[in-house]
Amino acid sequence: MENDELDEMIIKAFNKRENENPFRERIDELIINLDKKRKKRNRLLFSISAFLLTSTTVLAIGFNSFNLSNVGIDDSAIELATHNGYIQTVENDFQIYNDLGIKVNSFLMDDINLIISFDFKMDSLKIEDIKNLSISDFTILDEENNIIYNDKNSSSSLTESIGFNKVKKTSNNTFTDTFFAMSENYPNSNKLYIEFNNVLFNCKKENININGMWKFEVDVPNKMINREELLFNCNQNNTVGDITVGSIKVTNSGSLIEISSNSEESLNKAKIKIKVDGKEYKITNNIFDNISQDGSDKITRFIYCNLTKYDEIDKIIVEIKNENQKGKFIYEG
């Protein structure tokens, strides 16, 4: 598909939305800038998709208080991590501004995933009327001032893609919602400082903005500070056509597969399968690109897979098809 055709498809899909979209201005801005930032297309497309989906329903990649079955999401990697205790609950009180109380319920952090579950309390709004929400003026830092996430300056942020899941009612005046973020390499942080000033509720009849100064400091447990990822490399020539398959990072909550090429079209058409002991692991639509800074036009794409450290891994088989060329590579740790 040509770039112009893809842009037109996005615009048409957005314009078909029947409901008023509270993120219209942001989406329009992203679409206008597509031509200016062509090399960052996948990162922009993920952002656009997240905004579009948030306007009507649960995100394609969403987590609900770490109980994914509640929202019909199949992410066995996150489920497996939490079932193995790779999650941290947080003891804190509701911080209340303008009748909206918020506190951090629990979180998960490793090299590639950061997931934060929030509890909300509100008396003046019927929870049944809330379709979804979005947090803005949102930053997450650690004790070394690493910018984990900053919604005002994505270029300085370690986070590559974000989203929120669907609001879930827990009582007459309380509900939960979960923020998820993805990176190539989050640091081994000891603390997280979470701050935001605005919550936008997309309700059935209107959109409601509530302002405040919510600030949370959470301690990261040793199991997350001292986590160790598994790195698998290929023991043979790992090139198919103009695509090179790089390393595979396996963490507590999933895997990142690295492929690179000078052709974005080749990367878009490539088909990849990941197998361990004959079992195929799901490749998701969570992808983001890094562009080489040396002027070579090399694109490195990171692809998410639901293989985790909790799976029994001896070696990983990567099968890739690029146009009419195929390759099968063995990766060992």
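Residues numbered from 1 in each chain as written. Predicted model: local features only at pLDDT ≥ 70, side-chain atom pairs only at ≥ 80, totals over all residues. Heavy atoms only, no water.

Trainee: Can you walk me through the overall build of the chain in this structure?
Mentor: Check the secondary structure of the chain and you find six helices and 22 strands. For the chain, with 333 residues in total, the buried portion stands at 51%. The contacts of the chain with a sequence gap of at least 6 include a subset with a gap of at least 24, amounting to 65%. Surface summary for the chain: the accessible area is close to 16200 Å², and the carbon and sulfur share equals 43%. (Helix = DSSP H or I, 4+ residues; strand = E, 2+ residues; numbered from the N terminus. Buried < 20%, exposed > 50% of the residue type's maximum accessible area, 1.4 Å probe, protein only. Contact = heavy atoms within 4.5 Å. Areas by Shrake-Rupley, 256 points an atom, 1.4 Å probe, with all protein chains shown as cover.)

Trainee: Teacher, can you tell me more about the confidence of the model for the chain here?
Mentor: Low pLDDT means the predicted atomic positions in that stretch should not be read closely. Chain-level pLDDT for the chain is 79 on average; 76% of the residues reach the 70-or-more range. The low-confidence segment residues 13–74, where pLDDT is below 50, has 129 contacts with residues more than four positions distant or belonging to other chains. (pLDDT = per-residue confidence, 0-100.)

Trainee: Teacher, can you tell me more about the pattern of salt bridges here?
Mentor: Pairing is possible between side chains that carry opposite charge, provided their charged atoms lie close to one another. This model, assessed by the stated rule, comprises nine salt bridges. Put simply, Glu-128 and Lys-169 hold a salt bridge, and the shortest N to O gap is 2.5 Å. Of the two residues, Glu-128 sits in the loop between β4 (113–122) and β5 (130–136) while Lys-169 sits in strand β9 (residues 168–169), which places them 41 residues apart along the sequence. Here Lys-191 and Asp-219 are joined by a salt bridge, their closest N and O atoms 2.3 Å apart. (Salt bridge = Lys/Arg side-chain N within 4 Å of Asp/Glu carboxyl O.)

Trainee: Please explain the environment of Glu-206 as it appears in this structure.
Mentor: Tracing the sequence through the fold places Glu-206 in the loop between β11 (191–203) and β12 (207–219). Among the residues examined, Glu-206 registers a relative accessible area of 49% and is labelled partly exposed. C-alpha separation for the pair Glu-206 and Ile-130, spaced 76 residues apart in sequence, amounts to 9.5 Å.

Trainee: When you look at helix α4 (residues 76–83) in this model, what are you seeing that I'm missing?
Mentor: An α-helical segment advances 3.6 residues per turn. Residues three or four places apart therefore align on the same side. Listing the buried residues of α4 in full gives Ala-77, Ile-78, Glu-79, Ala-81 and Thr-82. The inward-facing, buried residues of α4 abut β3 (100–109), β4 and β20 (299–305). Phi for Gly-85, located one or two positions after α4, is positive at around 85°.

Trainee: Looking at this structure, I do not really get the packing of aromatic side chains. What am I missing?
Mentor: The relative placement of two aromatic rings is captured by the distance of their centres and the angle of their planes. Across all of its chains, the model carries 14 aromatic pairs by this definition. Considering the side-chain rings of Tyr-97 and Trp-214, the 5.4 Å spacing of their centres and the 85° angle between planes classify their relative orientation as edge-to-face. Placement of the pair is Tyr-97 in strand β2 (residues 95–97) and Trp-214 in strand β12, with a sequence separation of 117 residues. Put simply, the rings of Tyr-97, Phe-118, Phe-120, Phe-138, Tyr-149, Phe-164, Phe-175, Phe-179, Phe-196, Phe-201, Trp-214 and Phe-216 pair up and form one aromatic cluster. (Phe/Tyr/Trp six-rings, centres within 6.5 Å; stacked < 30°, edge-to-face > 60°.)

Trainee: Would you mind going over the pairing of β3 with me for this structure?
Mentor: Successive side chains on a regular strand alternate, one facing one side of the sheet and the next facing the other. For β3, the buried fraction is high: eight of the 10 residues fall into the buried class. The sheet contact formed by strand β1 (residues 88–89) and β3 spans two bridges and is antiparallel. Within β3, the position partnered with Gln-88 by the bridge is Phe-107. Taken together, the three bridges between β2 and β3 define a ladder with antiparallel strand orientation. (Pairing = 2+ DSSP bridges.)

Trainee: How should the nonpolar core be read in this particular structure?
Mentor: Ranked by size, the top nonpolar core spans 52 residues in total, and within it Phe-118, Phe-138, Ile-140, Ile-194, Phe-196 and Phe-201 carry the most contacts. When sequence neighbours within four positions are dropped, the list of residues in contact with Ile-140 reads Leu-114, Ile-116, Asn-146, Ile-147, Ile-148, Tyr-149, Phe-179, Leu-192, Tyr-193 and Ile-194. Counting residues in hydrophobic clusters, the runner-up holds 25 residues, among them Phe-232, Val-250, Ile-303 and Val-318. (Core = buried A, V, L, I, M, F, W, Y, C linked by side-chain atoms within 4.5 Å.)

Trainee: Please explain the environment of Asn-165 as it appears in this structure.
Mentor: Note that Asn-165 resides in the loop between β8 (161–164) and β9. Note: C-alpha distance between Asn-165 and Ser-134 (31 residues apart in sequence) is 9.5 Å. Side-chain polar atoms of Asn-165 contact the backbone nitrogen of Thr-178, separated by 2.7 Å. (Polar contact = N/O pair within 3.5 Å; in protein donor to acceptor, adjacent residues only side chain to side chain.)

Trainee: What's the story with a positive patch on the surface in this structure? I'm lost.
Mentor: Together, Lys-271, Lys-273, Lys-321 and Lys-326 make up a positively charged patch on the protein surface. Mapping Lys-321 onto the fold places it in strand β21 (residues 315–322). (Patch = residues over 30% accessible without salt bridge, like charges linked within 9 Å, V, L, I, M, F, W, Y side chains within 5 Å. Lys, Arg positive; Asp, Glu negative; His and termini not counted. Charge placed at Lys NZ, Arg CZ, Asp CG, Glu CD.)

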